[in-house]
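Residues per chain are reported as follows:
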Amino acid sequence: MVRTVSLGEQILGANDEIALANRTALNRAGVLAINLMASPGAGKTSLILSTVAALRAEYRIAGVDGDLATSIDADRVAAMGVPAVQINTGGACHLDAAMMRCALEQLDLAVLDLLIVENVGNLVCPSGFRLGVHRNVLIASVPEGADKPYKYPVMYLGADAVVLNKVDVLDAFDFDMAYFRHGVEALNPGLAFFPVSCKTGVGMEAWRDWVRQQVTAFRQAEGAGYELR
Amino acid sequence: MHELAVTQRILEIALRHADGASRITKLNLIVGDLTGILSESVQFYWDIITRETRAEGSTLCVSRVPTRLRCGDCGHEFAPDGRTFDCPNCGGRRVIIMTGREFRLESIEVQ
Ligand SMILES: Nc1nc2c(ncn2[C@@H]2O[C@H](COP(=O)(O)OP(=O)(O)OP(=O)(O)O)[C@@H](O)[C@H]2O)c(=O)[nH]1
Ligand SMILES: [Mg+2]
Ligand SMILES: [Zn+2]
């Protein structure tokens, strides 16, 4: 006899449960976690390095680097003298909550204020897998072109801030800034937006102020009231 | 993409809910177009990973949900034209994603 079992179960529900536990661990330790997502080469590691360099005197920072196979990025962060955990995703195109848990287990959260996560370079997959962080930041970069919000709306929708990196090369590309901004604003009106260059340092102060504000707000709220990211 | 990993999740969920049944014969999966999940790829992995499980030989029925946006200004619902999110009705530029992000196992048939 054939019978139908109604489920309506979210395929990634199990991931969300682990993500929630990760966030609880972070909240308990008072660590704000920010997840950086971008396409390959947009400047995730560059932004981490410059953020660490500028804010390390104010906050105890650590990095988590997701990478398909190498430890190049984590090594670069570790070379700055801050704790850095490498997660090799073994070919997977995104970090997931279980990988994040594994990274958290390798860190002494009690001695940290800020955790910056570099997701795997990809504009599709990371959006489906919550990690248990507090903030998602999407990094776009000028050479990628201005149409990305339209092509990857889910990534933009789940972002708490958008950084547009490599503005130093704007003149060399026909990047349509208004078109890009419209795409971001359509999905996320009023979203924090930071045009920067990790190379020249342009715009970085505004970005760092945003990070400071996030830490302050997180401490005031004691981790409460965040959407699961 | 990550179709192998999610296909394994689908199998886990199905097996967890198929207790008492000797066989899973059909699965109804709902997949929104914005997820980036390829139906063909899920099917490909499904046939491999279900071998020698209670779901071997089962039919994986994937219903795709197209992307629909709703204009934040006039409420008009429309499919994005692929180039902009502008509302074809009023030219509005704020949108809400109504459908396209679904990814769930709706039901299974067991015997
Ligand atoms: N011109 C210019 N180049 C930049 C800028 N930021 C980063 N780059 C360069 O872009 C390349 C990629 O930067 P990364 O920081 O490694 O990018 P990523 O996103 O971490 O890359 P993956 O981890 O490989 O996905 C490097 O060669 C950087 O030097 C910038 O603001 N301007
Ligand atoms: Mg990197
Ligand atoms: Zn409208």
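On a predicted model such as this, the values are computed, not experimentally measured, just so you know.

Peer 1: Is there a simple way to explain the coordination of the zinc ion (ligand 3) in this structure?
Peer 2: Four donors placed tetrahedrally around a metal ideally meet at 109.5 degrees, and six donors placed octahedrally ideally meet at 90 or 180 degrees. Residue and element names in this part refer to chain B. With distances of 2.3 to 2.4 Å, the protein atoms coordinating the zinc ion (ligand 3) are Cys-71 (SG), Cys-74 (SG), Cys-87 (SG) and Cys-90 (SG). For the zinc ion (ligand 3), the four donor atoms in the first shell make angles of 104 to 114° at the metal, so the coordination geometry reads as tetrahedral. When the donors of the zinc ion (ligand 3) are listed by position in the chain, the intervening gaps give C-x2-C-x12-C-x2-C. Of this pair, Cys-71 sits in strand E3 (residues 68-71) while Cys-90 sits in the loop between strand E4 (77-78) and strand E5 (95-99), and the two are 19 residues apart along the sequence.

Peer 1: Explanation requested: empty space enclosed by the protein in the structure shown.
Peer 2: By rolling a water-sized probe across the atoms, one finds the places where empty space is left. Residue and element names in this part refer to chain A. Inspection of every chain in the model, using the stated rule, returns one cavity of 30 Å³ or more. Of the pockets and cavities examined, the largest cavity occupies roughly 30 Å³. Every residue lining the largest cavity is listed: Ile-34, Leu-36, Leu-47, Ile-48, Thr-51, Ile-116, Trp-207 and Val-211. Of all the secondary-structure elements, those providing two or more residues to the lining of the largest cavity are strand E2 (32-38), helix H2 (44-55) and helix H8 (204-221). Split into classes, the residues belonging to the lining of the largest cavity amount to seven nonpolar, one polar and no charged.

Peer 1: Honestly, the nonpolar core in this entry has me stumped. Any pointers?
Peer 2: Nonpolar side chains in soluble globular proteins generally cluster together in the buried interior. Core analysis: the biggest nonpolar cluster contains 30 residues, and Tyr-156, Val-162, Leu-164 and Phe-180 of chain A together with Phe-85 and Val-95 of chain B have the highest contact counts within it. The leading source of residues in this core is helix H7 (residues 177-187) of chain A, at five residues. Residues within four places of Val-162 of chain A in sequence aside, it is in contact with Leu-138, Tyr-156, Phe-180, Val-184, Leu-191, Ala-192, Phe-193 and Phe-194 of chain A. Counting residues in hydrophobic clusters, the runner-up holds 29 residues, among them Ile-48, Val-77, Val-211 and Val-215 of chain A.

Peer 1: Please clarify how H8 of chain A should be interpreted in this entry.
Peer 2: Residues and elements named next belong to chain A. A rise of 1.5 Å per residue sets the reference length of H8, with its 18 residues, at 26 Å; its end C-alpha atoms lie 26 Å apart and thus fit the reference within 8%. Among all positions of H8, only Met-204, Trp-207, Arg-208, Trp-210, Val-211, Gln-214, Val-215 and Phe-218 are buried. The arc that holds every buried residue of H8, seen down its axis, measures 150°, which confines them to one face. Downstream of H8 by a residue or two, Glu-222 has a phi angle that is positive, lying close to 50°.

Peer 1: Please clarify how the site of ligand 1 should be interpreted in this entry.
Peer 2: Residue and element names in this part refer to chain A. Of all residues adjacent to ligand 1, which total 17 residues, the nearest are Lys-44, Thr-45, Ser-46, Glu-118 and Asp-168. Between ligand 1 and Ser-46, the relevant distance is 2.5 Å, taken from an oxygen atom to a side-chain nitrogen or oxygen of the residue. Here Cys-198 contributes a backbone N or O atom positioned 2.9 Å from an oxygen atom of ligand 1. Calculation on ligand 1 without its partners gives an accessible area of 650 Å², and the protein chains cover 69% of this total. Secondary structure elements with two or more residues in the shell around ligand 1: H2 and helix H3 (72-78). Residue contributions to the shell around ligand 1 peak at three residues, all from H2. Grouping the constituent residues of the shell around ligand 1 by class yields four nonpolar, six polar and seven charged.

Peer 1: Before we go on, may I ask you to explain the packing of H2 of chain A against H8 of chain A in this structure?
Peer 2: Residues and elements named next belong to chain A. Running from N to C, H2 and H8 point in directions that differ by 70°, and their axes come no closer than 11 Å. Taken together, the axes of H2 and H8 are roughly perpendicular relative to one another. Residues Leu-47, Ser-50, Thr-51, Ala-54 and Leu-55 of H2 pack against Met-204, Trp-207, Arg-208, Val-211 and Arg-212 of H8. Each residue belonging to the contact of H2 with H8 can be placed in one class, and the counts come to six nonpolar, two polar and two charged.

Peer 1: Honestly, the pattern of salt bridges in this entry has me stumped. Any pointers?
Peer 2: For side chains bearing opposite charge, pairing can occur when the charged atoms are close. Residue and element names in this part refer to chain A. Evaluation of the coordinates by the stated rule reveals 19 salt bridges over all chains. Of the charged contacts, one joins Lys-151 and Asp-147 as a salt bridge, the two residues approaching to 2.9 Å between their closest N and O atoms. Assessed through its relative accessible area of 22%, Asp-147 is described here as partly exposed.

Peer 1: What's the story with the layout of surface pockets in this structure? I'm lost.
Peer 2: In this structure, the largest pocket occupies an estimated 650 Å³ of space. Surrounding the largest pocket, 30 residues form its lining, Ser-127, Gly-128, Arg-130 and Val-154 of chain A together with Arg-101 of chain B being those nearest its centre. Residue contributions to the lining of the largest pocket peak at three residues, all from helix H6 (residues 153-157) of chain A. Looking at the lining of the largest pocket, its residues break down into 15 nonpolar, ten polar and five charged.

Peer 1: I tried to follow the sheet that holds strand E2 (residues 59-65) of chain B on my own but got confused; where do I start?
Peer 2: Paired through their backbone hydrogen bonds, the strands of a sheet run either parallel or antiparallel. With mixed pairing, the four strands of this open sheet are ordered in space as E1(A)-E6(B)-E1(B)-E2(B). Each edge of the open sheet carries a strand with a single partner, namely strand E1 (3-10) of chain A together with E2 of chain B. Averaged over all pairs of adjacent strands, the angle between their axes in this sheet comes to 15°, without regard to strand direction. Bridge count between strand E1 (residues 24-32) of chain B and strand E6 (residues 103-110) of chain B: seven bridges; the pairing is antiparallel.

Peer 1: Help me out: how do you make sense of the interface of chain B and chain A in this one?
Peer 2: The parts lose accessible area when they come together, and the size of an interface is often stated as this lost area. Counting residues at the interface gives 32 residues for chain B, matched by 32 residues for chain A. The largest per-residue losses of area from chain B upon contact with chain A belong to Arg-9, Phe-85 and Arg-93 of chain B, which jointly make up 21% of the total buried on that side. For the interface between chain B and chain A, the tally reads one salt bridge. The salt bridge involving Glu-9 of chain A is made with Arg-16 of chain B; its shortest N-O contact spans 2.9 Å.

Here is what the cut-offs are and how they apply
Residues numbered from 1 in each chain as written. Chains lettered and ligands numbered in written order. Predicted model: local features only at pLDDT ≥ 70, side-chain atom pairs only at ≥ 80, totals over all residues. Heavy atoms only, no water. Donors = N, O, S within 2.8 Å, 3.2 Å for Na, K, Ca; no water. Tetrahedral: all angles 85-135°; square planar, octahedral: opposite > 155°, others 65-115°. Helix = DSSP H or I, 4+ residues; strand = E, 2+ residues; numbered from the N terminus. 1 Å grid on protein atoms, 1.4 Å probe; cavity = no way out; pocket = protein on both sides within 12 Å on 5 of 7 lines; lining within 4 Å. Points joined across faces, edges and corners; volume = space filled by probe spheres on them. Nonpolar A, V, L, I, M, F, W, Y, C, P; charged D, E, K, R; others polar. Core = buried A, V, L, I, M, F, W, Y, C linked by side-chain atoms within 4.5 Å. Buried < 20%, exposed > 50% of the residue type's maximum accessible area, 1.4 Å probe, protein only. Contact = heavy atoms within 4.5 Å. Expected span 1.5 Å × (residues − 1). Arc of directions from axis to C-beta. Near = heavy atom within 4 Å. Polar contact = N/O pair within 3.5 Å; in protein donor to acceptor, adjacent residues only side chain to side chain. Areas by Shrake-Rupley, 256 points an atom, 1.4 Å probe, with all protein chains shown as cover. Axes fitted to C-alpha atoms, helices over the stretch in contact; angles between N-to-C directions. Parallel < 35°, antiparallel > 145°, perpendicular 65-115°, else oblique. Salt bridge = Lys/Arg side-chain N within 4 Å of Asp/Glu carboxyl O. Pairing = 2+ DSSP bridges. Buried area = accessible area lost by both parts, 1.4 Å probe.

So yeah, pure geometry; function would need other evidence.
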